Amino acid sequence: MSTLFKAVTTPSHEKPEKVAPKSRVLILSSRGVTYRHRHLLNDLVAMLPHSRKDAKLDTKSQLHYLNEVAELYNCNGVLFFEARKRQDLYLWLARNPNGPSIKFHIQNLHTMSELNFTGNALRGSRPIVSFDKNFDATPSAALMKELLLHTFSVPKGTRKSKPFVDRVVAFTLADGKVWLRHYQVQITSAAAAGAAAAAGDDDEDTEKKSRKDSKDGVELVEIGPRFVMTPIVILEGSFGGPVVYENKEFVSPNEVRAAIREKRAVRAGGRDMARTKRVVKKREIQKEQKIAKMAEAEIDDAVLFA
């Protein structure tokens, strides 16, 4: 009856307001994460009031189970941290249930507790998601931009969000990597004083001047966390499907460590070879000295004129 009453009382020329679809992000990790990885996960949960934190996932090979978990919690986005060898961290970013999904390798990780920045944004506020112009250069970068936008943008009217916008989440694409920075929008004291003067004075010129000062006095103060993401592969589906994009320039951390070990082994082998050469040369010198002493003893006067 209420729906019928609303339909009858609403004028025909007024269109009903469109309600944006709810967006929720599931955040979880695999087994083997370190304390820094856990702190990063908690920082992202604090950044995203529309997120839902879940327990750790036991498997690393059958990631399609994440689609079922996200469906159980009514989430259409997934942030999954996959830890390897307790030192390498990978990030899966996916849209449930139809995809796409992106796998990143995270480097240069710094959490909020490590940075000790002076910024202090309101918890639960909605951020402004900013992107570099390089995201529009290639189709793969544009796809990454859309997926990051849908994940890190907080929908209006989320249950745990506040009706304020005082943060900026900036994504920059440089050197084939995605750089994430988190800032607080802060108004300087001079701009605040100008706004107070404008509130107390009714003069129009003074108000315009104070607005200009307040616009110039807005600055960004970094809060954290900060990290760098290297895209590895983009899949058409959610944690599966055909490969849409593959980064040919990506080098696995295992290969990097293997190359470092091989280089150290070559250096160690060179040192062993040099040590062996020194021992052999020392023995040859001692043998030559012994032969020379025997020759001197044979031609000694005491031996010849005995």
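Residues numbered from 1 in each chain as written. Predicted model: local features only at pLDDT ≥ 70, side-chain atom pairs only at ≥ 80, totals over all residues. Heavy atoms only, no water.

**Comments concerning the overall build of the chain**
Applied cut-off: Helix and strand assignments follow DSSP, with helices taken as H or I runs no shorter than four residues and strands as E runs no shorter than two, numbered in order from the N terminus. Throughout, exposure labels follow a simple rule: accessible area from a 1.4 Å probe, protein chains only, divided by the maximum for the residue type, with under 20% read as buried, over 50% as exposed, and the rest as partly exposed. The contact criterion used is simple: two residues touch if any of their non-hydrogen atoms lie within 4.5 Å. Exposure was quantified through the Shrake-Rupley algorithm and a 1.4 Å probe, taking into account, for residues, occlusion by the shown protein chains and nothing else.
Helices and strands together make up the secondary structure of the chain, namely nine helices and 11 strands. A total of 306 residues make up the chain; the buried ones form 35% of that total. Within the chain, counting contacts between residues at least 6 apart in sequence, those at least 24 apart form 70% of the total. Of the roughly 19,900 Å² of accessible surface on the chain, a fraction of 54% belongs to carbon and sulfur atoms.

**Some points on the packing of aromatic side chains**
What counts is decided by this rule: The pairing test for Phe, Tyr and Trp rings, Trp by its six-membered ring, is centres within 6.5 Å, and the orientation test on the planes gives stacked under 30 degrees, edge-to-face over 60, and tilted for anything in between.
Tallying each qualifying case throughout the model produces four aromatic pairs. Ring centres 5.7 Å apart and planes at 45° place the aromatic pair Trp92 and Phe239 in the tilted group. On the criterion of sequence distance, the pair formed by Trp92 in strand β4 (residues 88-95) and Phe239 in the loop between β10 (226-235) and β11 (243-246) is long-range, its members being 147 residues apart. On the numbers, 5.3 Å between centres and 15° between planes, the contact of Phe131 with Phe171 is stacked.

**Here we look at helix α3 (residues 65-72)**
As a reminder of what qualifies: By construction, the arc corresponds to the directions joining the helix axis to the C-beta atoms.
Turning to α3, its buried residues number three or more, namely Leu66, Asn67, Val69 and Ala70. On an axial view of α3, the arc spanned by its buried residues comes to 165°, and they lie on one face. Projecting away from the buried face of α3 at angles above 90 degrees are the exposed residues Glu71 and Leu72. Buried-residue contacts for α3 involve β1 (25-29) and β3 (77-84). Of the residues one or two after α3, Asn74 is the one with positive phi, at around 60°.

**Details of the nonpolar core**
Our working definition: Buried Ala, Val, Leu, Ile, Met, Phe, Trp, Tyr and Cys residues that are joined via side-chain atoms within 4.5 Å together make up what is termed a nonpolar core.
Counting 32 residues, the largest nonpolar core has Phe81, Ile106, Leu148, Phe152, Phe171, Val178 and Met229 as its most contacted members. The biggest single contributor to this core is helix α5 (residues 139-152), with five residues. Those residues in contact with Phe171 that lie beyond four places of it in its chain are Val129, Ser130, Phe131, Asp132, Phe135, Leu148, Phe152, Val178, Trp179, Leu180 and Met229. Formed by 17 residues, the second largest nonpolar core is a distinct cluster that contains Val78, Val233, Leu235 and Phe239.

**Some words on the confidence of the model for the chain**
What counts is decided by this rule: The predictor reports its confidence for every residue as pLDDT, a score running from 0 up to 100.
For the chain, the mean per-residue pLDDT works out to 82, and 81% of the residues sit at or above 70. Within the chain, β10 carries the highest mean pLDDT (94), whereas helix α1 (residues 2-9) carries the lowest (44). pLDDT under 50 marks residues 1-8. Its contacts with residues more than four places away, or in other chains, come to zero contacts.

**Here's the deal with unusual backbone geometry**
A cis amide bond, omega 5°, links Asn96 with the succeeding residue Pro97. Of note, Pro97 is situated in the loop between β4 and β5 (101-110). The peptide bond linking Gly99 to Pro100 adopts the cis configuration, its omega dihedral lying at 5°. Along the polypeptide, Pro100 turns up in the loop between β4 and β5. Despite not being glycine, Asn108 shows a phi value in the positive range, around 50°. Positionally, Asn108 belongs in strand β5. Positive phi, close to 60°, is recorded for Phe239, a residue that is not glycine. Relative accessible area serves as the criterion here: at 11%, Phe239 is assigned to the buried category.

**Considerations on the pairing of strand β6 (residues 125-131)**
The condition that has to hold: Any two strands between which DSSP finds at least two bridges are classified as paired.
Bridge analysis of β6 against strand β7 (residues 162-174) gives six bridges, and the strand direction is parallel. In the strand pairing of β7, Val129 is matched with Val169.

**What to know about the environment of Thr188**
Within the element layout of this structure, Thr188 appears in the loop between β8 (177-187) and α6 (189-200). For Thr188, a relative accessible area of 23% translates into the label partly exposed. Thr188 sits 29 residues away from Gly217 along the chain, and the two C-alpha atoms are 5.3 Å apart. Excluding its chain neighbours within four sequence positions, the residues that come into contact with Thr188 are Gly217 and Glu219.

**A closer look at the pattern of salt bridges**
Convention followed: Think of a salt bridge as a Lys or Arg side-chain nitrogen and an Asp or Glu carboxyl oxygen that are within 4 Å of each other.
Summed over the entire model, instances satisfying the criterion amount to nine salt bridges. Notably, a salt bridge pairs Lys145 with Asp136, separated by 3.4 Å at the nearest N-O pair.

**Quick notes on a nonpolar patch on the surface**
Where we set the bar: Only residues whose relative accessible area exceeds 30% and that form no salt bridge are eligible for patches; like-charged ones are grouped when within 9 Å, while nonpolar side chains (Val, Leu, Ile, Met, Phe, Trp, Tyr) are grouped when within 5 Å.
A surface patch of nonpolar side chains, about 220 Å² in accessible area, is lined by Val251, Val256 and Ile260. Position of Val251 among the secondary structure elements: in the loop between β11 and α8 (253-298). Classification of Val251 as partly exposed rests on a relative accessible area of 44%.

**Thoughts on a positive patch on the surface**
Heads up, the rule is: Under the counting rule used here, the positive set is Lys and Arg, the negative set is Asp and Glu, and His together with the chain ends is not counted. Where a charge sits is defined by one atom per residue type, namely NZ (Lys), CZ (Arg), CG (Asp) or CD (Glu).
Together, Arg123, Arg159, Lys160 and Lys162 make up a positively charged patch on the protein surface. Tracing the sequence through the fold places Arg159 in the loop between α5 and β7. Take Arg159: its relative accessible area is 72%, and that puts it in the exposed class.

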